[in-house]
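Analysis of the macromolecular model
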Amino acid sequence: MTGVIRSEQLRRPAAEVLRILAVAAAYWAGGRIGLLEQVVVEGAVVSPLWPPTGIALSCLLWLGMRAWPGIALGALAVIATISTVGLSSLGILVGNTLAPIAAYLLLRRVGFRPELDRLRDGVALVFAGALGGMLISATFGAGTLVLSGALSGAEFWPIWAAWWAGDAMGVLVVTPLLLVLRRARLPRDPRPWWWSEAAALCAASVVVCWVATRTVSSLLFLMFPVLIWAALRFQLPGSAPCMLLVSVFAISAATTGTGPFEDRSLLEVMVVLQVLNGAAALSALLLAAIVTEQQNVRRRIEEACVALAEVVDQLAPGEAAHLWPYAGPARGEEGRAAQDD
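Keep in mind that what you see is a predicted model, and the values were worked out from it rather than measured.

1. Brief notes about the state of the cysteines
Per the counting criterion, the structure on display carries zero disulfides. For the unlinked cysteine cysteine 202, the closest cysteine sulfur is that of cysteine 242, found at 6.9 Å. Note on cysteine 202: relative accessible area 51%, which makes it exposed. Note on cysteine 242: relative accessible area 8%, which makes it buried.

2. Looking at the UniProt feature "transmembrane region" (unreviewed entry) in the protein
Here the UniProt-annotated "transmembrane region" (unreviewed entry) positions come out as residues 67-86, 123-147, 159-181, 219-236 and 267-291. Secondary structure content for residues 123-147 is 96% helix and 0% strand, while the C-alpha to C-alpha distance between its ends is 35 Å. Measuring from the first to the last C-alpha atom of residues 219-236 gives 25 Å, for a span that is 78% helix and 0% strand.

3. A word on the pattern of salt bridges
Evaluation of the coordinates by the stated rule reveals six salt bridges. Here arginine 118 ties to aspartate 121 by a salt bridge, and the two come within 2.8 Å at their closest N and O atoms. As far as burial versus exposure is concerned, arginine 118 and aspartate 121 are alike and both buried. One salt bridge connects arginine 298 with glutamate 302, and the closest N-O pair in it is separated by 3.3 Å. Of the two residues, arginine 298 and glutamate 302 are both situated in helix H10 (residues 266-314); the distance of four residues between them amounts to about one turn of the helix. What makes glutamate 302 partly exposed here is its relative accessible area of 41%.

Quick notes on the rules
Residues numbered from 1 in each chain as written. Predicted model: local features only at pLDDT ≥ 70, side-chain atom pairs only at ≥ 80, totals over all residues. Heavy atoms only, no water. Disulfide = S-S within 2.5 Å. Buried < 20%, exposed > 50% of the residue type's maximum accessible area, 1.4 Å probe, protein only. UniProt positions renumbered as here; feature names shortened; annotations may be inferred. Helix = DSSP H or I, 4+ residues; strand = E, 2+ residues; numbered from the N terminus. Salt bridge = Lys/Arg side-chain N within 4 Å of Asp/Glu carboxyl O.

Structure (structure tokens):
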């Protein structure tokens, strides 16, 4: 018995260490992906979409505060791949660790549910998780660069804005996708033509995103009907991948200066890109949450009606008559006669 207890006691720390290393590896992998598409703003390298913030917040939502050492370790690994780790990197490390923790605590404070099946959950993720929590990482990161002498004071706000937008987009795009993937299941009883419509949506998303981001004409608005289609018909499992696809195509066109981003200044490119990504994420996320909430309300009403019908069927004829005209088989003259008796 003692040997079994000791084995369990040794197994728990080992599992915790593996969990921390897994979080760190996921964070580092997300950082490597984010560095593939980067721009230089005022001499600093920033990413228009920083996936590690979304990965970190998702890990916190799944594991709780136990995930924070893995986030810190992953952030340190990402910093080490970009530049030499020194005292100037401490502020960036602290900011990248505290930002998702603050976002997680804010979401828990407002009663956020990872299912994202209510409008309040979508609003909370946007304003508390993305726009609010990521203020910390942008402030620590840009402030550290200024204090270390890498940037001048006049360059603080452009870097801060780009940093904040990239981290916020990481939460808006990556976190919903990961939350969906964790509980993704094939439909047990798909409606007619479900698979055909899903395939048509995938094909239309790729074609529309490619055309909108590769033609010189400003056709970026063409991507919104696809996002609306995905949110209305497939809710978050459909809108989250489409939202990621829109961001990837738009960022690729922006960093290469093609399509609607051709012959634009860096400031114009960043403004158009972040406005597009933000509007697409907000539209897809909030619309999917609204549709899901309405469907859940309708399902609960139907279940309540079925339960009430079963209760009425089990009542004796005399007892059911007293429920008329609200329920029961009594109708018309027979119901009124039963009430008079």
